[in-house]
Amino acid sequence: MKSIKWKWQQLILSLGCLLLILACNSFDPSTKQDAKLLKVATDPTFIPFEIQTARGKLEGFDIDLMNAIAQVALFRVDFENLPFDGMISALQAKRVDAAISGITITAERLKTIAFSRPYFKAGLAIAVRQDNQNIKDFNSLQGKKIAVQIGSTGADFAKTIPNAKISTFNSGPEFFQDLLNGNVDAVVSDAFATLYAIKNGKLKGIKVVADLLTEEYYGIATPKDSPHLDTINKALAALLSNGTYKQIYQKWFNAEPPQLPESW
Ligand code: ARG
């Protein structure tokens, strides 16, 4: 009789402990399972900012930076692949919480979405086939056939070239292929991505003739009035001052990062 009572006491005590542990866990905001999950769009066709390995793993400067931001801000990231051209409308419709994809902050885009503080200093470049001798600068692009990415700042820039015939493509690999095939004379796209791909043997037969034609800054995009923008900005500021940003920059570009403005 005594031993049955003792067993009951033990059982109740254990149940009590279990409940206490469960309760404590759900009140601790830092536990990973309870951290907020942010859906972040990316177009992983943009080496070395976002690329997808053969096994489907996302890698790149932007991916490392976003993961570092999440670590500081205590949220989890669920990356979602989206074509670059569909990113702004996905943000506007709040189908995603944010987008990181080498997205240039522009006045036009700020009309419909919001951006974090600048996180990367960038600019456009002109790329041609290695044997091309006559395209050297903006002026020599007049009347030429030019390939660009749909919805990119390169596409906006190409529109300003007098008499240019513009072909638009969904991703970097496609417009460079068009250049190699001889269908177009030049590509106007982001300088860092193009130079990186050439240097790492991913773009054979192509050279950059003019780089940093424009001064651009990449920002993390969010819907307007996003409750996460302030958190992202604070985390970015922390990574810039604690050396993590520099570490990520050096990992991908093997160089000292340039000074970034605090706002655009
Ligand atoms: N910086 C350019 C823009 O904002 C192009 C970015 C392309 N990024 C990408 N992941 N495909 O228009």
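Please refer to the structure higher up on the page.
None of these values were measured; they are calculated from a predicted model.

Please provide a residue-by-residue account of the overall build of the protein chain, values included.
Of regular secondary structure, the protein chain possesses nine helices and 15 strands. By the burial criterion, 44% of the 264 residues in the protein chain qualify as buried. Of the contacts made within the protein chain by residues no fewer than 6 positions apart, 69% connect residues no fewer than 24 positions apart. Summed over its atoms, the accessible surface of the protein chain is roughly 14,200 Å², and 55% of this surface lies on carbon and sulfur atoms.

I'd love a proper account of the packing of helix α2 (residues 61-73) against helix α8 (residues 229-241), names of residues and values included.
Helix packing for two helices is described by the angle between their axes and how far apart those axes are. At a minimum axis separation of 9 Å, α2 and α8 run at an interaxial angle of 105°. Classed by the angle they form, the pair α2 and α8 counts as roughly perpendicular. On the side of α2, the interface is formed by Leu 65, Ala 68, Ile 69, Val 72 and Ala 73, while α8 contributes Thr 231, Ile 232, Ala 235, Leu 236, Ala 238 and Leu 239. Looking at the contact of α2 with α8, its residues break down into 10 nonpolar, one polar and no charged.

Any details on the packing of aromatic side chains? Residues and values, ideally.
Where two aromatic rings form a pair, the distance of their centres and the angle of their planes describe that pair. If you walk through the whole model with that rule in mind, you get 22 aromatic pairs. Centroid distance Phe 49 to Phe 253: 5.6 Å. Interplanar angle 45°. Geometry classified as tilted. With Phe 49 in the loop between β2 (45-46) and β3 (50-52) and Phe 253 in helix α9 (residues 244-253), the pair connects residues that are 204 residues apart, well separated along the chain. Of the two residues examined, Phe 49 and Phe 253, each falls in the buried class. Where Phe 120 meets Phe 192, the ring centres are 5.0 Å apart and the plane angle is 85°; that geometry is what we call edge-to-face. In this pair, Phe 120 sits in strand β8 (residues 120-122) while Phe 192 sits in helix α7 (residues 191-199), placing the two residues 72 residues apart along the sequence. Ring-pair connections join several aromatic residues into one group, and the members of that group are Phe 46, Phe 49, Phe 61, Tyr 119, Phe 120, Phe 192, Tyr 196, Tyr 218, Tyr 245, Tyr 249 and Phe 253.

Quick rundown of the sheet that holds strand β10 (residues 145-149)? Include the residues and the values.
With mixed pairing, the five strands of this open sheet are ordered in space as β11-β10-β12-β9-β13. With partners counted over all chains shown, the strands left at the sheet margins are β11 (165-169) and β13 (206-210), one partner each. Looking at each pair of strands side by side, their axes are set apart by 35° on average, direction ignored. Examined bridge by bridge, β10 and strand β12 (residues 186-190) share two bridges and lie parallel to one another. Paired with Ala 147 across the strands is Val 187, a residue of β12. Contacting β9 (124-129), β10, β11, β12 and β13, helix α6 (residues 172-180) runs over the sheet at an angle of about 155° to β12. Here α7 sits on the sheet and contacts β9, β12 and β13; the angle it forms with β12, its principal contact strand, is near 110°.

Tell me about the site of the ligand, and please be specific about residues and values.
Taken together, 14 residues lie near the ligand, and Gly 102, Thr 104, Arg 109, Thr 153 and Asp 190 sit nearest. Take Thr 104: an N or O atom from its side chain is 2.8 Å from a nitrogen atom of the ligand. When isolated, the ligand has an accessible area of 350 Å², and the protein chains bury 99% of it. Residues belonging to the shell around the ligand are distributed by class as follows: four nonpolar, six polar and four charged.

What counts and how
- Residues numbered from 1 in each chain as written.
- Predicted model: local features only at pLDDT ≥ 70, side-chain atom pairs only at ≥ 80, totals over all residues.
- Heavy atoms only, no water.
- Helix = DSSP H or I, 4+ residues; strand = E, 2+ residues; numbered from the N terminus.
- Buried < 20%, exposed > 50% of the residue type's maximum accessible area, 1.4 Å probe, protein only.
- Contact = heavy atoms within 4.5 Å.
- Areas by Shrake-Rupley, 256 points an atom, 1.4 Å probe, with all protein chains shown as cover.
- Axes fitted to C-alpha atoms, helices over the stretch in contact; angles between N-to-C directions.
- Parallel < 35°, antiparallel > 145°, perpendicular 65-115°, else oblique.
- Nonpolar A, V, L, I, M, F, W, Y, C, P; charged D, E, K, R; others polar.
- Phe/Tyr/Trp six-rings, centres within 6.5 Å; stacked < 30°, edge-to-face > 60°.
- Pairing = 2+ DSSP bridges.
- Near = heavy atom within 4 Å.
- Polar contact = N/O pair within 3.5 Å; in protein donor to acceptor, adjacent residues only side chain to side chain.

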